[in-house]
Amino acid sequence: MSDTKIEWTDKTWNPVVGCTRVSAGCDNCYAVVQTRIKAANPGMKGKYVGLINEGKRHFNGVVRLWEPHLDVPLKQTKPSRYFVNSMSDLFHERLAFEDIAKVFDVMKRAHWHVFQVLTKRPERASEFASRLPWPPNVLMGTSVEDDRVLDRIDALRAVPAHVRFLSCEPLIGPLGVVDLTGIQWCIVGGESGPGSRIMRPEWARHLRDQCVAQGVAFHFKQFGHFDEKGASVGKGKSGRLLDGREW
């Protein structure tokens, strides 16, 4: 568990580590860099060792539940919002259902916290939905980076979470017309870090207008490495204003 600067949460909790690329949104994954750094830290006791394919400089497909960190939220009495598995994907195809169920059991028991689960594999969440508890403190989201993965929204709709959300970050292409039925919240942001791709303001604006029209909460996180005009200025200077205001 660790505190985070991510605006929509308070802490990250990573009972699962490891992943694989599943779509274009994964290409510049920050978790790959962080995993490499953490793997070299003896204080992590081997949690992140053996997860990176150094030749391809990405995850190698090894995914595992890290039991020593499973009960961390139960030991924290102060209510917090937890981003679950910021360094992995709880619904990765190589993670056994029994391990996913263990994570859900902790989230259910730690009812004083809010858990924000974000996946690029909502079809697997849908597959297991009837076998998992869905208490009101578990929010379920999926990443939608461009119009090639819009089907993830349909899969998310089949999950009986009390709150379903979209993370359109990094937004690397237009989404077009989006059916937001059953979606309560949408996060939009540009890409930052090495290899960043430009997010056009009209892509974010079109999505914002649809959220407003369909009654969905819209949060514009930031422009990313490139500013509104497409200039390479870095995340710290690109800003978080869309059409002159914060969302």
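First, a word on scope: everything that follows refers to the structure included in this document. (Residues numbered from 1 in each chain as written. Predicted model: local features only at pLDDT ≥ 70, side-chain atom pairs only at ≥ 80, totals over all residues. Heavy atoms only, no water.)

**Some remarks on the nonpolar core**
Basically, it comes down to this: Here, nonpolar core refers to any group of buried Ala, Val, Leu, Ile, Met, Phe, Trp, Tyr and Cys residues whose side-chain atoms link them within 4.5 Å. Relative accessibility decides the category of a residue: with a 1.4 Å probe and only protein chains considered, values under 20% of the type maximum give buried, values over 50% give exposed, and everything between is partly exposed. Secondary structure elements follow DSSP: runs of H or I of four or more residues count as helices, runs of E of two or more count as strands, with numbering from the N terminus. Should any heavy atoms of two residues lie within 4.5 Å, those residues are counted as being in contact.
Within the largest apolar cluster, 52 residues are counted, with the highest numbers of intra-cluster contacts made by Trp13, Phe91 and Val188. It is helix 3 (residues 97–109) that contributes the most residues to this core, six residues altogether. Excluding residues that lie within four positions of it along the chain, valine 188 makes contacts with Cys168, Leu171, Met199, Ala204, Leu207, Phe218, His219, Phe220, Lys221 and Gln222.

**With respect to unusual backbone geometry**
In terms of backbone geometry, most residues other than glycine have negative phi values and most peptide bonds are trans. The omega angle of the peptide bond from glutamate 169 to proline 170 is 0°, so this bond is cis rather than trans. Position of proline 170 relative to the elements: it lies in the loop between strand 10 (163–168) and strand 11 (185–189). The phi torsion at asparagine 85 lies on the positive side, around 60°, for a residue other than glycine. Inspection of the secondary structure assignment puts asparagine 85 in the loop between strand 7 (81–84) and helix 3. What makes asparagine 85 buried here is its relative accessible area of 1%.

**Some points on the packing of aromatic side chains**
Stated precisely, the cut-off is as follows: In summary, the pairing rule links any two rings of Phe, Tyr or Trp, Trp by its six-membered ring, whose centres are within 6.5 Å, and it sorts them by plane angle into stacked for under 30 degrees, edge-to-face for over 60 and tilted for everything else. We call a charge positioned above a ring when the Lys NZ or Arg CZ atom is no farther than 6 Å from the ring centre and deviates by at most 35 degrees from the ring normal.
All told, the structure shown has 11 aromatic pairs when counted by the stated rule. Geometrically, the ring pair formed by tryptophan 8 and phenylalanine 165 is tilted, given 6.2 Å between the ring centres and 55° between the ring planes. Here tryptophan 8 is found in the loop between strand 1 (2–3) and strand 2 (11–13), whereas its partner phenylalanine 165 is found in strand 10, with 157 residues between them in sequence. The pair formed by tryptophan 8 and phenylalanine 165 is uniform in burial state, with each residue classed as buried. Plain terms: the ring middles of tryptophan 8 and tryptophan 185 are 6.2 Å apart, the flat faces sit at 85° to each other, and that makes the pair edge-to-face. Pair noted here: tryptophan 8 is in the loop between strand 1 and strand 2 and tryptophan 185 is in strand 11, with a separation of 177 residues, a long-range link. Here the two residues tryptophan 8 and tryptophan 185 agree in accessibility, since each one is buried. Here the aromatic residues Trp8, Phe83, Phe165 and Trp185 are joined through ring pairs into a cluster of three or more. Above the plane of the ring of phenylalanine 97 lies arginine 131, whose end atom (NZ or CZ) is 3.8 Å from the centre. Taking the ring centre of tryptophan 247 as reference, the NZ or CZ of arginine 245 above it sits at 3.6 Å.

**Here's the deal with the sheet that holds strand 12 (residues 217–222)**
As a reminder of what qualifies: DSSP calls a pair of strands paired once it identifies at least 2 bridges connecting them. Between the N-to-C directions of two axes lies an angle of 0 to 180 degrees, each axis being a line fitted to C-alpha atoms and, for a helix, fitted only over the stretch in contact.
As summarised here, the arrangement of the eight strands in space is 1-2-7-8-9-10-11-12, forming an open sheet in which the pairing is mixed. At either margin of the open sheet sits one strand with a lone partner, and together these are strand 1 and strand 12. Against the sheet, helix 6 (residues 201–214) engages strand 10, strand 11 and strand 12, with an angle of about 160° to strand 12.

**Describing the pairing of strand 12**
With five of its six residues buried, strand 12 lies for the most part within the structure. Here strand 11 pairs with strand 12 via five bridges, running parallel. Counted as the bridge partner of valine 188 is phenylalanine 220 from strand 12.

**A short note on helix 1 (residues 30–39)**
An α-helix turns once per 3.6 residues; consequently, residues spaced three or four apart project the same way. What counts, and what does not: Summarising the geometry, the arc corresponds to the directions from the helix axis toward the C-beta atoms.
Those residues of helix 1 not exposed but buried are Ala31, Val32 and Thr35. All buried residues of helix 1 lie within an arc of 105° about the axis, which places them on one face of the element. Those residues of helix 1 hidden inside the fold are in contact with strand 4 (52–53) and strand 5 (58–59).

Everything listed is a geometric property; what it means functionally is a separate question.
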